[in-house]
Amino acid sequence: MARIDLVDLAKSYGGNDAPVESYALKPLSMTWRQGGAYALLGPSGCGKTTLLNIISGIVAPSRGKVLFDGADMTVLPTQKRNIAQVFQFPVIYDTMTVGENLAFPLKNRGVPRAQIEARVAEIARLLDLTPDLNRKAQRLTADAKQKISLGRGLVRSDVAAVLFDEPLTVIDPHLKWELRSKLKALHNALDLTMIYVTHDQTEALTFADTVVVMHDGRVVQSGTPQELFDKPAHTFVGYFIGSPGMNILPAQVDGRAARINGHVIALERSYPTLPAGARIEIGVRPEFVTVAQPASELLSAQVERVDDLGRARFARVRIGEQKLAARVPNGFSIQGDMVGLVFDPARVHVYADSQLVEGAV
Ligand code: ATP
């Protein structure tokens, strides 16, 4: 396994003369830690697969470098990069047994037979494939075939990294949860650098120690699931992570006060110098805005409906055209269609042109 450095990397499918704003991958520098479990998360078309395929060598970058442990891989073909990749759909040999499929990447590289047997047994055990080892792959379900693909990706212990591109797409929904947790356990057991591409936040948050969030060809934040929840660096992260997503409201911010519709919301930190001319918004997760009886000192909102998510109830409310979600405290019953909103000052963040602004204590 290796540390992977991406240095000033960018990709334009429309040629190098195209404006940077149109690049599928805007210029980016970052490091993937040796042995880390990463998720690359973002909506369809944000550039996840492009980035993954540049790391594996399937796609050539328009500029910049890919380094594995400091060695320049940028122009090397996939076969020379020592990477294992698992795709959306199973890549296996139907005529071979499960065991032969798992052994194939090792046999191909001349690994001694005893080592192959030990490693295949270990991977089969970790993926619950032991009872199927002698069965022909073609008789198995799509789920089981994709498990074999995962196993083939994980079987070599000397790879620089294992790259997964939406590997659970074909997996039956009720098995997804099980396999997600299994992949996490596999990462812990096998000590490999893993990068897992997905547009599904639950998959990303279950699997990864570090979630790298992409939006429109850029990495907008890289952090632990907790960091992404507590302190989204970009309004997109706030909105995309969490269910319901973060509330984002246009506001005027001055010192420790945010004003919405002339109403003041207290902030824990102070923002004396915001960039001139920037679009200023506040962001607060629904968990940290609670509904209360309307009162003159509270921002008032109109209730549209209440969603009961089991762990909590969230009211969907409206302030003019602006929609918000706010927690309904246990035992609280909403009277009429208006409520007051109580904001937790420590959890209200300020954004300038979508980027988090660090306040002063
Ligand atoms: P998805 O989950 O839908 O695969 P993604 O986040 O992986 O999305 P990419 O597949 O990397 O995104 O695509 C990023 C952008 O680059 C998209 O606008 C896509 O249309 C474009 N793109 C991807 N591959 C090519 C290609 N071979 N030629 C031209 N444009 C491409």
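So, how was this worked out
Residues numbered from 1 in each chain as written. Predicted model: local features only at pLDDT ≥ 70, side-chain atom pairs only at ≥ 80, totals over all residues. Heavy atoms only, no water. Helix = DSSP H or I, 4+ residues; strand = E, 2+ residues; numbered from the N terminus. Contact = heavy atoms within 4.5 Å. Areas by Shrake-Rupley, 256 points an atom, 1.4 Å probe, with all protein chains shown as cover. Lys, Arg positive; Asp, Glu negative; His and termini not counted. Charge placed at Lys NZ, Arg CZ, Asp CG, Glu CD. Polar contact = N/O pair within 3.5 Å; in protein donor to acceptor, adjacent residues only side chain to side chain. Pairing = 2+ DSSP bridges. Near = heavy atom within 4 Å. Nonpolar A, V, L, I, M, F, W, Y, C, P; charged D, E, K, R; others polar. Domains from an automatic or database assignment. Buried area = accessible area lost by both parts, 1.4 Å probe. Salt bridge = Lys/Arg side-chain N within 4 Å of Asp/Glu carboxyl O. Patch = residues over 30% accessible without salt bridge, like charges linked within 9 Å, V, L, I, M, F, W, Y side chains within 5 Å. Core = buried A, V, L, I, M, F, W, Y, C linked by side-chain atoms within 4.5 Å. Buried < 20%, exposed > 50% of the residue type's maximum accessible area, 1.4 Å probe, protein only. Axes fitted to C-alpha atoms, helices over the stretch in contact; angles between N-to-C directions.

**Remarks on the overall build of the protein chain**
Then, in step 1: In terms of regular secondary structure, the protein chain is built from eight helices and 21 strands.
Then, in step 2: Overall, the C-alpha framework of the protein chain stretches about 75 × 50 × 35 Å when taken along its three principal axes.
Then, in step 3: Long-range contacts, defined here as pairs at least 24 residues apart, represent 69% of the contacts in the protein chain between residues at least 6 apart.
Then, in step 4: Counting only carbon and sulfur atoms, one obtains 50% of the accessible surface of the protein chain, whose full area is about 16700 Å².
Then, in step 5: Taken together, the 40 basic and 38 acidic charged side chains of the protein chain have centroids lying 5 Å from each other.

**Things to note about the side chain of Thr74**
Then, in step 1: Positionally, Thr74 belongs in the loop between strand E5 (71–72) and strand E6 (83–86).
Then, in step 2: Among the polar contacts made by the side chain of Thr74, one reaches the side chain of Asp72 at a distance of 2.5 Å.
Then, in step 3: Among all residues touching Thr74, those that are not within four sequence positions of it are Pro61, Gly64, Lys65, Val66 and Arg81.

**Quick word on the pairing of strand E4 (residues 63–68)**
Then, in step 1: Pairing of strand E1 (residues 4–11) with E4, which is carried by five bridges, proceeds in the antiparallel orientation. Bridging from a neighbouring strand, Leu6 pairs with Val66 of E4.
Then, in step 2: For E4 and E5, the ladder comprises two bridges, and the chain directions are antiparallel. The residue of E5 that forms the bridge with Phe68 is Ala71.

**Overview of the site of the ligand**
Then, in step 1: For the ligand, the full set of nearby residues is Tyr13, Ala24, Pro43, Ser44, Gly45, Cys46, Gly47, Lys48, Thr49, Thr50 and Glu166.
Then, in step 2: Here an oxygen atom of the ligand sits 3.0 Å away from a polar atom, N or O, in the main chain of Gly47.
Then, in step 3: For the ligand, the accessible surface in isolation is 620 Å², of which the surrounding protein chains cover 53%.
Then, in step 4: Classifying every residue of the shell around the ligand by side-chain character gives four nonpolar, five polar and two charged.

**Quick look at the domain arrangement of the protein chain**
Then, in step 1: On domain assignment, one finds that the protein chain holds domain 1 (4–240) and domain 2 (250–357).
Then, in step 2: Domain 1 and domain 2 are separated by 38 Å when their C-alpha centres are compared.
Then, in step 3: With 10 residues of domain 1 at the interface, the matching set in domain 2 holds 10 residues.
Then, in step 4: Summed over both sides, the interface of domain 1 with domain 2 buries roughly 880 Å², with 50% coming from carbon and sulfur.
Then, in step 5: Here domain 1 and domain 2 share one salt bridge between them.
Then, in step 6: Notably, a salt bridge pairs Arg347 with Asp230, separated by 3.2 Å at the nearest N-O pair.
Then, in step 7: Connecting domain 1 to domain 2 are eight residue pairs in polar contact (both at pLDDT 80 or more).
Then, in step 8: For the side of domain 1 that touches domain 2, the secondary structure elements donating two or more residues are helix H7 (225–230) and helix H8 (235–240).
Then, in step 9: A class-by-class count of the residues in the side of domain 1 that touches domain 2 yields five nonpolar, three polar and two charged.

**A look at the environment of Met1**
Then, in step 1: Looking at where Met1 falls in the secondary structure, it is placed in the segment before E1.
Then, in step 2: Distance in space between the C-alpha atoms of Met1 and Val111 is 17 Å, their sequence separation being 110 residues.
Then, in step 3: Apart from the residues lying within four places of it in its own chain, the contact partners of Met1 are Gln34, Gly35, Asp69, Asp158, Val159, Ala160, Asp191, Leu192 and Thr193.

**Quick look at a nonpolar patch on the surface**
Then, in step 1: On the surface, Ile58, Phe87 and Val91 cluster together to form a nonpolar patch covering roughly 250 Å² of accessible area.
Then, in step 2: With respect to the element layout, Phe87 can be found in the loop between E6 and helix H2 (98–107).

**Let's talk about the nonpolar core**
Most often, soluble globular proteins have nonpolar side chains that are buried together.
Then, in step 1: Core analysis: the biggest nonpolar cluster contains 48 residues, and Leu102, Ile148, Leu154, Val162, Phe164, Leu183 and Val213 have the highest contact counts within it.
Then, in step 2: Here this core gets five residues from one element, more than from any other, and that element is helix H3 (residues 113–126).
Then, in step 3: In this view, Leu183 contacts Leu150, Leu154, Phe164, Tyr196 and Phe207; residues no more than four positions away in its chain are not counted.

**Brief notes about the pattern of salt bridges**
Then, in step 1: By the definition in use, this model includes 18 salt bridges.
Then, in step 2: Between Arg113 and Glu117 there is a salt bridge, with its nearest N and O atoms 3.5 Å apart. Remark: Glu117 and Arg113 occur in helix H3; sequence separation between them is four residues, near one turn of the helix.
Then, in step 3: Here Arg113 falls in the exposed class, since its relative accessible area comes to 66%.
Then, in step 4: Among the ionic pairs, Glu304 bridges to Arg318, the shortest N-O distance being 2.6 Å. Of the two residues, Glu304 is situated in strand E16 (residues 299–308) and Arg318 in strand E17 (residues 313–319); the sequence distance between them amounts to 14 residues.
Then, in step 5: By relative accessible area, which is 41% here, Glu304 ends up partly exposed.
Then, in step 6: The structure contains a network of salt bridges with shared partners spanning Glu304, Arg318 and Glu321.

**Concerning the sheet that holds strand E11 (residues 247–250)**
Sheet strands line up and pair through hydrogen bonds in the backbone, either parallel or antiparallel.
Then, in step 1: Taken together, the four strands give an open sheet; going across it, the order is E11-E14-E20-E21, and neighbouring strands pair in antiparallel fashion. Lying at the two open borders of the sheet, with one neighbouring strand each, are E11 and strand E21 (355–357). Within the sheet, the average angular offset between the axes of one strand and its neighbour, ignoring direction, is 40°.
Then, in step 2: Bridge count for strand E20 (residues 349–352) against E21 is three bridges, and the pairing is antiparallel. Among the inter-strand pairings, Val350 is bridged to a residue of E21, identified as Val357.

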